Amino acid sequence: QWLAAHIVGFAGVDNRGLEGLELSYDKYLKGEAGWSQILRDARQRELMLERNYVPPKDGFNLVLTIDETIQYLAERALEKAFVKHSAKSASIVVMDPETGEILALANRPTYDLADVAKSSLESRTNRAVSFIYEPGSVFKIVTAAGALEEDIWKETDRINCENGAYRVGGKILHDHQPHGILTFRQVIEESSNIGTSKIAQKLGGQNLYKYGQRFQFGRKTGIDLAGEVNGFFKHPRDWSKTSIAAIPMGQEVAVTAVQLAGAISAIANGGTYMRPFVVKYIKDNHEQIIKTHEPTAVTQVISPETAKRLTAILTGVVDEGTGRMAKIEGVPVAGKTGTAQKVVDGTYSHSQFYATFIGFAPSDNPRLAAVVVVEEPRGTYFGGTVAAPVFKEVIEDSLKYLQTKQ
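Below you will find a few notes about this structure. A quick note: this is a predicted structure, and the numbers were derived from the prediction, not measured. (Residues numbered from 1 in each chain as written. Predicted model: local features only at pLDDT ≥ 70, side-chain atom pairs only at ≥ 80, totals over all residues. Heavy atoms only, no water.)

As for the sheet that holds strand 16 (residues 334-344)
Strand pairing in a sheet relies on backbone hydrogen bonds, with the paired strands running either antiparallel or parallel. Where we set the bar: In this scheme, strands are said to pair when DSSP sees at least two bridges between them. In this text, helices come from DSSP runs of H or I with a minimum length of four residues, and strands from runs of E with a minimum of two, each type numbered from the N-terminal end. To obtain each axis, a line is fitted to C-alpha atoms, and for helices this fit is confined to the stretch in contact; angles are then taken between N-to-C directions over 0 to 180 degrees. Any two residues whose heavy atoms approach within 4.5 Å are treated as being in contact.
An order of 5-4-18-17-16 is seen for the five strands of this open sheet, with the pairing classed as antiparallel. Two strands close off the open sheet at either side, each with one partner strand: strand 5 (102-108) and strand 16. On average, each strand axis in the sheet is inclined to that of its neighbour by 10°, with strand direction left out of account. As paired elements, strand 17 (residues 347-361) and strand 18 (residues 368-375) share eight bridges and run antiparallel to each other. Bridge assignment links T356 to a residue of strand 18, and that residue is V373. Along the sheet, helix 4 (residues 68-84) contacts strand 4 (89-95), strand 5 and strand 18; its crossing angle with strand 5, the most-contacted strand, is approximately 25°. Sitting on the sheet, helix 14 (residues 383-405) is in contact with strand 4, strand 16, strand 17 and strand 18, with an inclination near 20° to strand 17.

Set out below in structure tokens:
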């Protein structure tokens, strides 16, 4: 199988880029055709008169942020999970949280770049940037970040989780298992919907919206790949009575995998949102650099202090909570699970889910951040059992590889 098919993309017969980087960077890559003008006589013999000739110009070369080894590890683990869970689709994004460099990006289904004609539109779609879905509980990082940054909640504050059933705006909210009194920290560790909605009610809709925007939800990240979409994050004036309970736990919101990668990286690096990118620089055939892409800080989402406190809570998710299957021996890992019901014909399905895990490691000095999304896994469908093991395998192997590389 081709590595990074969705990043590289392909060009058509006339050398015009049609997908991936071939499309985004077409004007740099395609070069210019040459031409010559020749005079012939009536018998088509060339006349030895002066001819006009313009030599063709080669296109430029792209140097990517993608690390071939990490890309391979990501594709291998994603493929395994995609097959094992008979999933409809899956995506993974691995990012350097300090710079925003995308080190790996892969989707399933995928296609063979050497035989594009046989591929379906679905297999060519770069889902990580152009496919939106309701993220579920991974979105609780926004709620928790806002609550801590605004100093409205502390980690030790106690919250009554109503033994698993709680009425908000005429709807009953449930937890996947009943909880009584939990601390703020435990609410995130155990991923309590009821606890999270209580955190959000005290935080307030306007504040929740403010942090969702700071984390760049509802807008393009600006990644240099074709086909990126905005996602969906509505203004509080358009919320219903139940939105204050739904949005904090990742319902009524739609995101892309690459948006989640940007968001979790902002927590990993101390609170700065770095723009994700895949092209480091462009050079010509004489190794002259034509254009360089520097890491770009978009905005300060939360303070370094809040990022540190949130990292401690997310480390607890993996140590004590729903993310235990992302544990790596000897390496502290921070992360968050999400299991979202799929919206089918306008209602939430009870049989179709999205399983997601977002995280970074080592949590005390983050080198890598990653997002794993699996659509419609069969059998088990929780983010903690389907997506977290993929994260663990890729990040564990990648960290070992990075150590040998130093």
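Some details on the packing of helix 7 (residues 140-149) against helix 13 (residues 304-319)
Heads up, the rule is: The labels follow the angle: roughly parallel below 35 degrees, roughly antiparallel above 145, roughly perpendicular from 65 to 115, and oblique for the rest. What makes a crossing left-handed is the near helix being turned counterclockwise from the far one by less than a right angle; a clockwise turn instead makes it right-handed. Each residue is assigned to one of three groups, with Ala, Val, Leu, Ile, Met, Phe, Trp, Tyr, Cys and Pro labelled nonpolar, Asp, Glu, Lys and Arg labelled charged, and all others, Gly among them, labelled polar.
Relative to each other, helix 7 and helix 13 sit at 135°, their axes nearing to 10 Å. Overall, the two elements helix 7 and helix 13 adopt an arrangement that is oblique. As for how helix 7 packs across helix 13, the hand of that crossing is right-handed. Counting all contacts with helix 7, which are made through I141, A144, A145, L148 and E149, the residues of helix 13 involved are T306, R309, L310, I313 and L314. The residue inventory of the contact of helix 7 with helix 13, partitioned by class, reads seven nonpolar, one polar and two charged.

Topic: the pairing of strand 18
Using the following cut-off: The buried label goes to any residue with under 20% of its type's maximum accessible area, the exposed label to any with over 50%, and the partly exposed label to all in between, with areas taken from a 1.4 Å probe on protein chains only.
The element strand 18 is largely enclosed, with a buried count of eight among its eight residues. Inspection of the sheet shows strand 4 paired to strand 18 by seven bridges, in the antiparallel sense. The partner of S89 across the bridge, within strand 18, is E375. Where strand 17 folds back on strand 18, the antiparallel hairpin that results is connected by six residues.

Remarks on helix 4
Put simply, the rule is: To estimate how far a helix should extend, the number of its residues minus one is multiplied by 1.5 Å. Residues adjacent in sequence count toward polar contacts only when both atoms are side-chain atoms; beyond that, a polar contact is any pair of N or O atoms within 3.5 Å, and within protein one must be able to donate a hydrogen and the other to accept it.
With 17 residues, helix 4 should cover 24 Å at 1.5 Å per step; its first-to-last C-alpha distance of 24 Å lies within 8% of that length. Considering only its buried residues, helix 4 is in contact with helix 1 (5-8), strand 4, strand 5, strand 18 and helix 14. Measuring from the backbone nitrogen of T69 back to the side-chain oxygen at the start of helix 4 gives 3.0 Å, which picks out D67 as the cap. Positive backbone phi, at 45°, marks S86, one or two positions downstream of helix 4.

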